[in-house]
Amino acid sequence: MGKQVECATLFAETTPRQSLPDISQAVINEHQHLTQTLEYKPGWSFYLVLAGVVTTLGSSLPVGYNIGVVNTPAEVIKTFCNESFVSRYNLPLDETWLNVLWSSVVSIFIIGGCTGSVLGSVLANKLGRKNATIVTSALSIAGALLFLLCRAANSVEMLIVGRLLVGLSAGLTTSIVPMYLTELSPLRLSGAMGVACPMGVNVGVLVGQVMGLNFFLGGVDDWPYLLSVYAMLVIICLPVLCILPESPKYLFIIKRNEVTAVKELSRLRGVSQSVLRDELDALREERDERGGAGAGAGAGRGEGRAWSMARLLASRRLRLPLLLLCAAQAGQQTSGINAVFYYSQTIFKQAGLTEAGAQYATIACGLVNVCTAALMLRLLPRAGRRPLLLASSLGAALALAALAAAMTAIDTVSWMPYVCMITVLLYVLVYGFGLGPIPYFIGSEMFEVGPRPAGMAWGSLANWGGNFLVGMCFPTMRRAIGPYSFLVFSAITAALFLFIRSYFPETRGSTPAQVTQKCAHGLRSRPLSPQHTPV
């Protein structure tokens, strides 16, 4: 204020004949100049933090919850399914058909996840990032309602449809929410916001395990409430989700609604529009590039048209980013995390823990996974994506190989169960520092706004496809080769490490356009060469 008064006084002294309105305008101009010359760096704001919290609790957490909760009441729900078929169809199920039915209940969730991943590309562009996220919440609530009522209605069909709906919601969430959060965040905070979705999934798995304990909702008659209790969080978060800003990038570049985009960006950052010039210039540049050469291979052939999953797959310029994203997303599942958790209770019991103690130890593994995801909020902006992903994949491959070796001697060497226990915890730790969180959001940093929904859809589909593949193959592998199954997972993870080491560029501090340029020549690209290092 003192600067403004001094400028106004000086202005008045040098031009004594000017009118008061002229002097006032001079003061205003000086104020605008001072405001605009201050270096503005967008950071954490109220709406940005609110978006991270609400989508983590109301969208991502239910995904993990529905993944982790179904194992605890499995035998009780099988009994319900058998009794329902007897009472309604007079058709008792033997053990084989009961296992087939239970496999359907479990796998329909993954099928829903794959379907939701594909639909995510369409809904994100048609409805917008925020409105598509609202759709995921509605599907999640509908699924919970079916879980709550299926026992009273004596309907296995309601249980299966409920699992399908929450699977659809999960696929949409993993496709849309990381994209929404990274588009809301400034470039330097994209990693921290990207971790919110995987952290929510990890917390959801942990909460599902805890709620399945006997003194919570693990009782014989409590399973409908156990399956549906997550809906309370979704219902609480849904009204808040409705008041969040839409992605300014989506409004500006996809919808070309500059006025609304600027208003939403100003509301999101909590500052006036006058200090957003740099961000607006970057948005205009990206919009102009999309309208011109674009990010695809077909410059001059209608780049303004929408990016479908098929079009992205055909783009030579974006082929390497798509391969890297799908490899990371599929590798997150084919690294064997679910198999390790499956074996963990057996390992802990052989180490001398009781049934309850083994269950608590498995929950402790889930807690380690959550804690590492939380640490990534601070670690990612400092260490970068590439070093963490490389260290995590290499460490996971070595830990899996060590686990396979240790488990072959678990019955012959007295102290080997403790080695197995340490190896499991070590694997969960290194997995959580890279393979767990980074694949979820890395697509948002590799694809520009136009092809981003299609890229995220392909990545999410690869993730759910890897989950389905492991779920189908692991039981057979376990029966055929036992602990040596982990050598298969180790080899796959080692191959992922080599692929990432050769082609994965550092995305921290780089715009998607810069990343695309590094990878523009497919497998002939050299994204790690010095000339591609961003300034």
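Since this is a predicted model, take the numbers as computed values, not measurements. (Residues numbered from 1 in each chain as written. Predicted model: local features only at pLDDT ≥ 70, side-chain atom pairs only at ≥ 80, totals over all residues. Heavy atoms only, no water.)

Caption draft 1: Main features of the packing of helix α17 (residues 337-350) against helix α20 (residues 416-432). With their axes 9 Å apart at the nearest point, α17 and α20 run at an angle of 150 degrees to one another. The angle between α17 and α20 falls in the class roughly antiparallel. Note that α17 runs across α20; the crossing there is left-handed. Facing Ile337, Val340, Phe341, Ser344, Ile347, Phe348 and Gln350 of α17, the residues of α20 in contact are Pro417, Cys420, Met421, Val424, Tyr427, Val428 and Tyr431. The residue inventory of the contact of α17 with α20, partitioned by class, reads 12 nonpolar, two polar and no charged. (Axes fitted to C-alpha atoms, helices over the stretch in contact; angles between N-to-C directions. Helix = DSSP H or I, 4+ residues; strand = E, 2+ residues; numbered from the N terminus. Parallel < 35°, antiparallel > 145°, perpendicular 65-115°, else oblique. Left-handed = near helix turned anticlockwise from the far one by under 90°. Contact = heavy atoms within 4.5 Å. Nonpolar A, V, L, I, M, F, W, Y, C, P; charged D, E, K, R; others polar.)

Caption draft 2: Geometry of helix α5 (residues 95-126). When the terminal C-alpha atoms of α5 are compared, their 46 Å separation across 32 residues agrees well with the 46 Å that a helix rising 1.5 Å per residue should span. Along its length, α5 reaches its greatest deviation from straightness, about 35 degrees, at Leu119. The first or second residue beyond α5 is Gly128, which carries a positive phi of 100 degrees. (Expected span 1.5 Å × (residues − 1). Bend = angle between axes of the 7 residues up to and from the residue.)

Caption draft 3: The arrangement of the packing of helix α16 (residues 319-334) against helix α23 (residues 485-503) in detail. As a packed pair, α16 and α23 sit with axes 10 Å apart at the nearest point and diverge in direction by 155 degrees. By the angle between their directions, the pair α16 and α23 is classed as roughly antiparallel. Once α16 is placed against α23, the crossing between them reads as left-handed. Where α16 approaches α23, its residues Leu320, Leu323, Leu324, Ala327, Ala328, Gly331 and Thr334 are matched on the opposing element by Phe489, Ile492, Thr493, Leu496, Phe499 and Tyr503.

Caption draft 4: Looking closely at the environment of Ser392. Assignment of secondary structure puts Ser392 in helix α19 (residues 385-408). As a C-alpha pair, Ser392 and Thr493 span 101 residues in sequence and 9.7 Å in three-dimensional space. In this view, Ser392 contacts Val430, Tyr431, Phe433, Gly434 and Leu435; residues no more than four positions away in its chain are not counted.

Caption draft 5: Region of the structure containing the confidence of the model for the chain. Residues of the chain with pLDDT of at least 70 account for 89%, and the chain-wide mean is 87. Note that pLDDT drops below 50 for residues 1-18; the model gives that stretch 12 contacts with residues more than four away or on any other chain. (pLDDT = per-residue confidence, 0-100.)

Caption draft 6: A look at the pattern of salt bridges. Here the structure, examined in full by the defined rule, presents 12 salt bridges. Here Glu264 and Arg267 are joined by a salt bridge, their closest N and O atoms 3.2 Å apart. Pair noted here: Glu264 and Arg267 are both in helix α13 (residues 258-269), with a separation of three residues, about one helical turn. Residue classification places Glu264 among the buried residues on the basis of a relative accessible area of 14%. Bridged by salt links that share partners, the residues Glu258, Asp281, Arg284, Arg287 and Asp288 form one connected network. (Salt bridge = Lys/Arg side-chain N within 4 Å of Asp/Glu carboxyl O. Buried < 20%, exposed > 50% of the residue type's maximum accessible area, 1.4 Å probe, protein only.)

Caption draft 7: Looking closely at the side chain of Lys130. Tracing the backbone through its elements, the reader meets Lys130 in helix α6 (residues 129-150). Despite its burial, Lys130 remains without a salt bridge, the nearest opposite charge being carried by Glu264 at 5.4 Å. When near neighbours in sequence (up to four residues on either side) are disregarded, Lys130 contacts Tyr180, Leu241, Cys242, Leu244, Pro245 and Glu246. (Lys, Arg positive; Asp, Glu negative; His and termini not counted.)

Caption draft 8: Focus on the packing of aromatic side chains. Counted by the stated rule, this structure contains 10 aromatic pairs. With centroids separated by 5.8 Å and ring planes inclined at 45 degrees, the aromatic side chains of Tyr65 and Tyr230 adopt a geometry described as tilted. Of this pair, Tyr65 sits in helix α3 (residues 46-68) while Tyr230 sits in the loop between α10 (223-228) and α11 (231-242), and the two are 165 residues apart along the sequence. On the basis of relative accessibility, which here comes to 1%, the residue Tyr65 falls in the buried class. Its relative accessible area of 3% is what places Tyr230 among the buried residues. (Phe/Tyr/Trp six-rings, centres within 6.5 Å; stacked < 30°, edge-to-face > 60°.)

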